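Structural description and commentary
Below are the chains, spelled out letter by letter.
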Amino acid sequence: MAEEKTKDLKDYMQFVRRRKKQILWPILLLLLVGGAITLSLPPAYRSRATILIEEQEVPPDLVRSTVTSYADQRIQTIKHQVMSRSNLLKIVDQYGLYPGMRERKTTEEVLRRLINDIDVEVISAEVVDRRTGQSTQATIAFTLSYEGETPPLTQKVANELTSLFLAENLRTRERSAQETTVFLKQEAEHLAERIKALENKIAAMKRRADGALPEMVQLNLQLMNQIDRDLME
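Described below are features of the structure shown in this document. No experiment lies behind these values; they were computed from the predicted model shown.

Scoring rules and cut-offs
- Residues numbered from 1 in each chain as written.
- Predicted model: local features only at pLDDT ≥ 70, side-chain atom pairs only at ≥ 80, totals over all residues.
- Heavy atoms only, no water.
- Helix = DSSP H or I, 4+ residues; strand = E, 2+ residues; numbered from the N terminus.
- Buried < 20%, exposed > 50% of the residue type's maximum accessible area, 1.4 Å probe, protein only.
- Contact = heavy atoms within 4.5 Å.
- Phe/Tyr/Trp six-rings, centres within 6.5 Å; stacked < 30°, edge-to-face > 60°.
- Pairing = 2+ DSSP bridges.
- Axes fitted to C-alpha atoms, helices over the stretch in contact; angles between N-to-C directions.
- 1 Å grid on protein atoms, 1.4 Å probe; cavity = no way out; pocket = protein on both sides within 12 Å on 5 of 7 lines; lining within 4 Å.
- Points joined across faces, edges and corners; volume = space filled by probe spheres on them.
- Nonpolar A, V, L, I, M, F, W, Y, C, P; charged D, E, K, R; others polar.
- Parallel < 35°, antiparallel > 145°, perpendicular 65-115°, else oblique.
- Core = buried A, V, L, I, M, F, W, Y, C linked by side-chain atoms within 4.5 Å.
- Arc of directions from axis to C-beta.

**Some details on the overall build of the chain**
- Check the secondary structure of the chain and you find eight helices and three strands.
- Going from N to C terminus, the chain has its helices and strands arranged as α-α-β-α-α-α-α-β-β-α-α.
- By the burial criterion, 19% of the 233 residues in the chain qualify as buried.
- Counting only contacts in the chain whose residues sit at least 6 apart along the sequence, the fraction spanning at least 24 positions is 62%.

What follows is the structure, encoded as structure tokens:
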């Protein structure tokens, strides 16, 4: 069996030696074509920014999910708002992106190219839930990157996208804060009404008891002692 394997290997080596030109030429040709294609392609540069996600300041036990949202959902919402058609067109015009493509392609194709060059990735980590004390996966940050043809332009576009994301996030937080303020104000008004109703019930109960409540025992004893002294006098 071993002799057959050795013989097969020798046959393969002899075949390679006889056909080395037929084998090497296609390999060299593929290498040359691949190198030419690589050299002909324009260089690509990527600029990346990492944005940390702050934990909400209002305790989640106080403000329920009606006024809060998960980080992943918020990132996706902000992404759709920032990468609107009007914003993307503004970026293309402001920085003169894809000049050759804009001459021969439609606006929609140019915008699709810009969207493909933009990448948003969330970063998750294991954290401890303060309410349950258990470990859980949570989104703590996300990266925003843009791939362009020149370093300065790539960095400018990435900075512009980052500014748009931060501005939209600020508007989202302001809207969320307004909703939270309205929610807390309504809760305070409800609690004030309940406290007033309870105080009215307590006052009515005291009037019906006419001094017979336990909290009046000490005062009643003092009055009785004073009356006894007056009678003895």
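**Examining the packing of aromatic side chains**
- Scanning the entire structure with this criterion turns up one aromatic pair.
- A ring pair is formed by phenylalanine 142 and phenylalanine 165, whose centres lie 5.9 Å apart and whose planes are at 45°; its orientation type is tilted. Of this pair, phenylalanine 142 sits in strand 3 (residues 135–148) while phenylalanine 165 sits in helix 7 (residues 151–209), and the two are 23 residues apart along the sequence. Grouping residues by exposure puts phenylalanine 142 and phenylalanine 165 together as buried.

**Some thoughts on the sheet that holds strand 3**
- Here we have three strands laid out as an open sheet, ordered 1-3-2, and antiparallel in their pairing. The sheet is open, and its two borders are formed by strand 1 (45–52) and strand 2 (118–128), each paired with just one other strand. Adjacent strand axes in the sheet meet at a mean angle of 25°, parallel and antiparallel pairs treated alike.
- Where strand 2 and strand 3 come together, eleven bridges link them in antiparallel fashion. Residue glutamate 121 lies in a different strand from strand 3, and its bridge partner there is threonine 143.
- In this fold helix 6 (residues 107–117) packs onto strand 1, strand 2 and strand 3, with an angle of close to 30° to the strand it touches most, strand 2.

**Some words on the layout of surface pockets**
- Quantified by volume, the second largest pocket comes out at close to 250 Å³.
- Together, 14 residues line the second largest pocket, and Ile51, Leu52, Ile53, Arg74 and Asn169 are the ones closest to its centre.
- When residues of the lining of the second largest pocket are traced back to their parent elements, those giving at least two are strand 1, helix 3 (71–82) and helix 7.
- Counting residues per element, the lining of the second largest pocket draws most heavily on helix 7, at five residues.
- Tallied by class, the residues present in the lining of the second largest pocket amount to ten nonpolar, one polar and three charged.

**What about the packing of helix 4 (residues 85–95) against helix 6?**
- Interhelical geometry of helix 4 versus helix 6 gives an angle of 90° and a closest axis separation of 10 Å. The angle between the axes of helix 4 and helix 6 places the two elements in the roughly perpendicular class. Residues Arg85, Leu88, Leu89 and Val92 of helix 4 lie in contact with helix 6, whose contacting residues are Thr107, Glu108, Val110, Leu111, Leu114 and Ile115.
- Split by residue class, the contact of helix 4 with helix 6 holds seven nonpolar, one polar and two charged.

**Remarks on the nonpolar core**
- Counting residues in hydrophobic clusters, the biggest one holds 24 residues, and the most contacted among them are Leu97, Leu114, Ile118 and Tyr146.
- Breaking this core down by element, the ones donating at least two residues are helix 3, helix 4, helix 6, strand 2, strand 3 and helix 7.
- For isoleucine 118, the residues in contact, after removing those within four places along its chain, are Met83, Leu88, Leu144, Ser145, Tyr146 and Leu161.

**Points about helix 6**
- Those residues of helix 6 not exposed but buried are Val110, Leu111, Leu114 and Asp117. Axial view of helix 6: buried residues confined to an arc of 120°, hence all on one face.
- Of the surrounding elements, those touching the buried residues of helix 6 are strand 1, helix 4, helix 5 (99–104), strand 2 and strand 3.

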